[in-house]
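Listed below, chain by chain, are the residues.
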Amino acid sequence: MALIDDAIYVDGHRVATPETLQDVFEVLKDKKGFAWIGLYRPTDDEVRSVADEFTLHHLAIEDALKGHQRAKIERYSDTLFLVLRPARYIDEDERVEFGELHVFVGPDFVVTIRHAESPDLASVRHRLEGTPDLLAFGPQAVLYAILDQVIDEYAPVVAGLENDIDEIEDQLFDGDQAVSRRIYALSREVIEFQRATQPLIGMLETLQAGFEKHGVDVELHRHLRDVLDHTIRVVERGDAFRQLLQNALTVHSTLVAQRQNDETRRLSETGLAQSEEVKKISSWAAILFAPTLVGTIYGMNFTHMPELKWQFGYPFAITLMVAMGFGLYAVFKRRNWL
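Residues numbered from 1 in each chain as written. Predicted model: local features only at pLDDT ≥ 70, side-chain atom pairs only at ≥ 80, totals over all residues. Heavy atoms only, no water.

Draft legend 1. Spatial organisation of the sheet that holds strand β2 (residues 13–16). With respect to topology, seven strands assemble into an open sheet ordered β2-β1-β3-β9-β8-β5-β4, the strand pairing being mixed. Edge positions in the sheet fall to β2 and β4 (72–76), since each of these pairs with one other strand and no more. Across this sheet, the average inter-strand angle for adjacent strands is 20°, counted without regard to direction. As paired elements, strand β3 (residues 34–40) and strand β9 (residues 109–114) share six bridges and run parallel to each other. Note on β9: the bridge partner recorded for Trp-36 is Val-110. Strands β1 (3–10), β2, β3, β8 (101–106) and β9 of the sheet are contacted by helix α4 (residues 121–129), whose axis makes an angle of about 20° with β1. (Pairing = 2+ DSSP bridges. Helix = DSSP H or I, 4+ residues; strand = E, 2+ residues; numbered from the N terminus. Axes fitted to C-alpha atoms, helices over the stretch in contact; angles between N-to-C directions. Contact = heavy atoms within 4.5 Å.)

Draft legend 2. Quick peek at the packing of aromatic side chains. All told, the structure shown has six aromatic pairs when counted by the stated rule. Both rings, one in Tyr-9 and one in Trp-36, keep their centres 6.5 Å apart while their planes meet at 45°; by these two values the pair is tilted. You can see Tyr-9 sitting in strand β1 and its partner Trp-36 sitting in strand β3, a full 27 residues away along the chain. Across this residue pair, the class does not change: Tyr-9 and Trp-36 are buried. Through a chain of ring-to-ring contacts, the aromatic side chains of Tyr-9, Phe-34 and Trp-36 assemble into a single cluster. A cation over a ring is seen here: Arg-125 above Trp-36, with NZ or CZ 4.1 Å from the ring centre. (Phe/Tyr/Trp six-rings, centres within 6.5 Å; stacked < 30°, edge-to-face > 60°. Buried < 20%, exposed > 50% of the residue type's maximum accessible area, 1.4 Å probe, protein only. Lys NZ or Arg CZ within 6 Å of the ring centre and 35° of its normal.)

Draft legend 3. Spatial organisation of the packing of α4 against helix α6 (residues 139–152). In contact at an axis separation of 10 Å, α4 and α6 are set at 130° when each is read in the N-to-C sense. In terms of orientation, α4 and α6 fall into the oblique class. For the pair α4 and α6, the sense of crossing is right-handed. For the pair formed by α4 and α6, the contact residues are Leu-121, Ser-123, Val-124, Arg-127 and Leu-128 on the first element and Ala-141, Val-142, Ala-145, Ile-146, Asp-148 and Gln-149 on the second. Residue composition of the contact of α4 with α6, by class: seven nonpolar, two polar and two charged. (Parallel < 35°, antiparallel > 145°, perpendicular 65-115°, else oblique. Left-handed = near helix turned anticlockwise from the far one by under 90°. Nonpolar A, V, L, I, M, F, W, Y, C, P; charged D, E, K, R; others polar.)

Draft legend 4. Quick look at the pairing of β2. With three bridges joining them, β1 and β2 adopt antiparallel strand pairing. Within β2, the position partnered with Tyr-9 by the bridge is Arg-14. Two successive antiparallel strands, β1 and β2, enclose a turn made up of two residues, where Asp-11 displays a positive phi of approximately 55°.

Draft legend 5. Up close: α4. Taken together, the buried positions of α4 are occupied by Leu-121, Val-124, Arg-125 and Leu-128. Within α4, the buried residues cover an arc of 95° as seen down the axis, which keeps them to one side. Counted as exposed and oriented over 90 degrees from the buried face of α4: Ala-122 and His-126. (Arc of directions from axis to C-beta.)

Draft legend 6. Here's a closer look at the nonpolar core. Ranked by size, the top nonpolar core spans 59 residues in total, and within it Leu-82, Leu-84, Val-103, Ile-146, Leu-147, Tyr-154 and Leu-207 carry the most contacts. Among the elements that make up this core, the one with the highest residue count is helix α8 (residues 179–213) (12 residues). Excluding its chain neighbours within four sequence positions, the residues that come into contact with Leu-82 are Lys-72, Ile-73, Leu-101, His-102, Val-103, Leu-143, Leu-147, Met-203 and Leu-207. Counting 25 residues, the second largest nonpolar core, distinct from the first, contains Phe-25, Leu-28, Phe-54 and Ala-64. (Core = buried A, V, L, I, M, F, W, Y, C linked by side-chain atoms within 4.5 Å.)

Structure below.
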């Protein structure tokens, strides 16, 4: 059953707990207080039943049925419709899980439609029932308490994201190759967190203006200002996280480029060293080749070689080989090949 809890409140006290939606509507007419109906993943028929009873605007009902809405606040005559994006940090998987909460607030009713495990509306109801003076302010007090709970549940998310960013900073300078993937994954979560939290500032400012216009008690004004202060701090933390991740990505790119440059320099140095060795080997090969060439020519023993019977042929050949060797050595030495 989608009906998690429902109650009729008069002067800040629970006076009835109807068992069905139809009972809620009937008792509310008798008691003249306000109803708080909590639904968890209701069917379309259940949502339409509530909409028909409280005359909810069809566009708001369409958004509630469709789901996957951005955080927003809309007013339809004397009814407020809010979409909130609660979140919780899953420590085992190191990820943020986002939910969706629809809230309808009218003169004599509050309807909450929850599509995820968070926020913990049971604790909100328990806290309000323990402070009847606050609950006596009516549906606006319930709306304040729900907003306060959603914002408070962002605190563990902020702490979890901050811890993940600290770990990323350690990974960056440890040379972990998987850090870039983690940066991108965490950036997506931070962006989603910003989408959930940034609209809240404008929503709360709109509520403040509405409270003044409709003469809501000053005590609720103070409570709402406190929620707004907490929201601003949460939004600022989200902005800081995104900037830190962008800086981390820049640092990572710089470190990768530096490592690539170091590797390229090492390869260049190795290539230069190899080139020097090749020069030396080539030089000595040329020096040794010169006397070999002369010796090969004079070793052919043709009958009609003029130098074969020359008296100075042998000294000439030896001198030529030595001279060519020293000559080549001098040339290579001057060119710094040796």
